[in-house]
Amino acid sequence: MKQWDLFLEPYKQAVEELKVKLKGMRSQFELNSEHSPIEFVTGRVKPIASILDKANQKGIPLEKLETEMQDIAGLRMMCQFVDDIKPLVEMLRKRNDFVLIEERDYISHKKESGYRSYHVVIEYPVQTINGEKKILAEIQIRTLAMNFWATIEHSLNYKYEGQFPEDIQLRLQRAAEAAFRLDEEMSIIRNEIQEAQAFFTRKKEIKKDG
Ligand code: 0O2
């Protein structure tokens, strides 16, 4: 157990630091009274049981986890609109506190399951008492609709261990299409939504100041 704690410690630190940094981006957008492409941010260290399951499924030897399992440290950024995602990725590319080393676009190329999300893998330097340690972390960027679908599908996946009954499979595919259409509809009325949100933010500020 001590070995796992030692191994996971830099990942825990990275997740905590990255949560602060990515949430900081959101606060900065809000302070500038700009539309924030970030609705909320979450992060987690993969539980040991999930690390072992995935290593087993993918044939990753435990001594190669550091280089071959890219999502032991995982962050998620949720956006309101599909069009928020690309500029956000561009902002991540420009940062100088980590390096993007891989990108997977499951939005242009959705997975067979219906899963959509934009994944970037970063190399992040963690400062430890023994010096700097570079670890890999995965940031998943998705809309609220993509996140809703993925969360539900993930729990059902857990329940059925990936072997969905046919009717559930069909429902999930339909739900994925509905989430896709919801994103499209929201994109079309994006300007209306943003004007309304800006109006409410101004109203809140006036109330606070006055
Ligand atoms: P958890 O519980 O989220 O940590 P692969 O696992 O082969 O699909 P790879 O190379 O590990 O792919 O990395 P990739 O493609 O970036 O995706 C891994 C993670 O993306 C998954 O982590 C999920 O978080 C998410 N994901 C990918 N495909 C699906 C999907 O069909 N449905 C849902 N709900 N999520 C998906 P883990 O390790 O599965 O689990």
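Going by the structure above, here's the rest.
Keep in mind that this is a model prediction, so the values were computed, not measured.

**Observations concerning the site of the ligand**
Then comes step 1: Residues in close proximity to the ligand total 17 residues, the closest being R44, Y106, K111, S113 and H119.
Then comes step 2: One of the side-chain nitrogen or oxygen atoms of K111 is found 2.3 Å away from an oxygen atom of the ligand.
Then comes step 3: Between H119 and the ligand, the recorded distance is 2.5 Å, taken from a side-chain N or O atom to an oxygen atom.
Then comes step 4: In isolation the ligand has 720 Å² of accessible area, and contact with the protein removes 75% of it.
Then comes step 5: Where the shell around the ligand is concerned, the elements lending two or more residues are α2 (48-58), β5 (131-143) and α5 (144-160).

**Details of the side chain of D71**
Then comes step 1: Inspection of the secondary structure puts D71 in the loop between α3 (65-68) and β2 (73-79).
Then comes step 2: A polar atom in the side chain of D71 sits 3.0 Å from the side chain of K54.
Then comes step 3: When near neighbours in sequence (up to four residues on either side) are disregarded, D71 contacts R44, K46, K54 and E138.

**Describing the nonpolar core**
Then comes step 1: L65, M77, L92, I122, I139 and I141 are the most contacted members of the largest nonpolar core, which totals 39 residues.
Then comes step 2: The set of elements that each furnish at least two residues to this core consists of α1 (2-31), α2, β2, α4 (85-94), β4 (118-128) and β5.
Then comes step 3: The element that contributes the greatest number of residues to this core is α1, accounting for 10 residues.
Then comes step 4: When neighbours within four sequence positions are excluded, M77 is seen to be in contact with L22, M25, I38, F40, L88, L92, I139, Q140, I141 and R142.
Then comes step 5: Core analysis: the second largest hydrophobic core is formed by nine residues, A145, W149, A150 and A176 among them.

**Things to note about the sheet that holds strand β3 (residues 99-105)**
Then comes step 1: Spatially, five strands are ordered β1-β2-β5-β4-β3 in an open sheet, and the strand pairing comes out mixed. Whereas interior strands pair on both sides, the edge strands pair on one side only; in this sheet they are β1 (40-45) and β3. Adjacent strand axes in the sheet meet at a mean angle of 25°, parallel and antiparallel pairs treated alike.

What counts as what
- Residues numbered from 1 in each chain as written.
- Predicted model: local features only at pLDDT ≥ 70, side-chain atom pairs only at ≥ 80, totals over all residues.
- Heavy atoms only, no water.
- Near = heavy atom within 4 Å.
- Polar contact = N/O pair within 3.5 Å; in protein donor to acceptor, adjacent residues only side chain to side chain.
- Areas by Shrake-Rupley, 256 points an atom, 1.4 Å probe, with all protein chains shown as cover.
- Helix = DSSP H or I, 4+ residues; strand = E, 2+ residues; numbered from the N terminus.
- Contact = heavy atoms within 4.5 Å.
- Core = buried A, V, L, I, M, F, W, Y, C linked by side-chain atoms within 4.5 Å.
- Buried < 20%, exposed > 50% of the residue type's maximum accessible area, 1.4 Å probe, protein only.
- Pairing = 2+ DSSP bridges.
- Axes fitted to C-alpha atoms, helices over the stretch in contact; angles between N-to-C directions.

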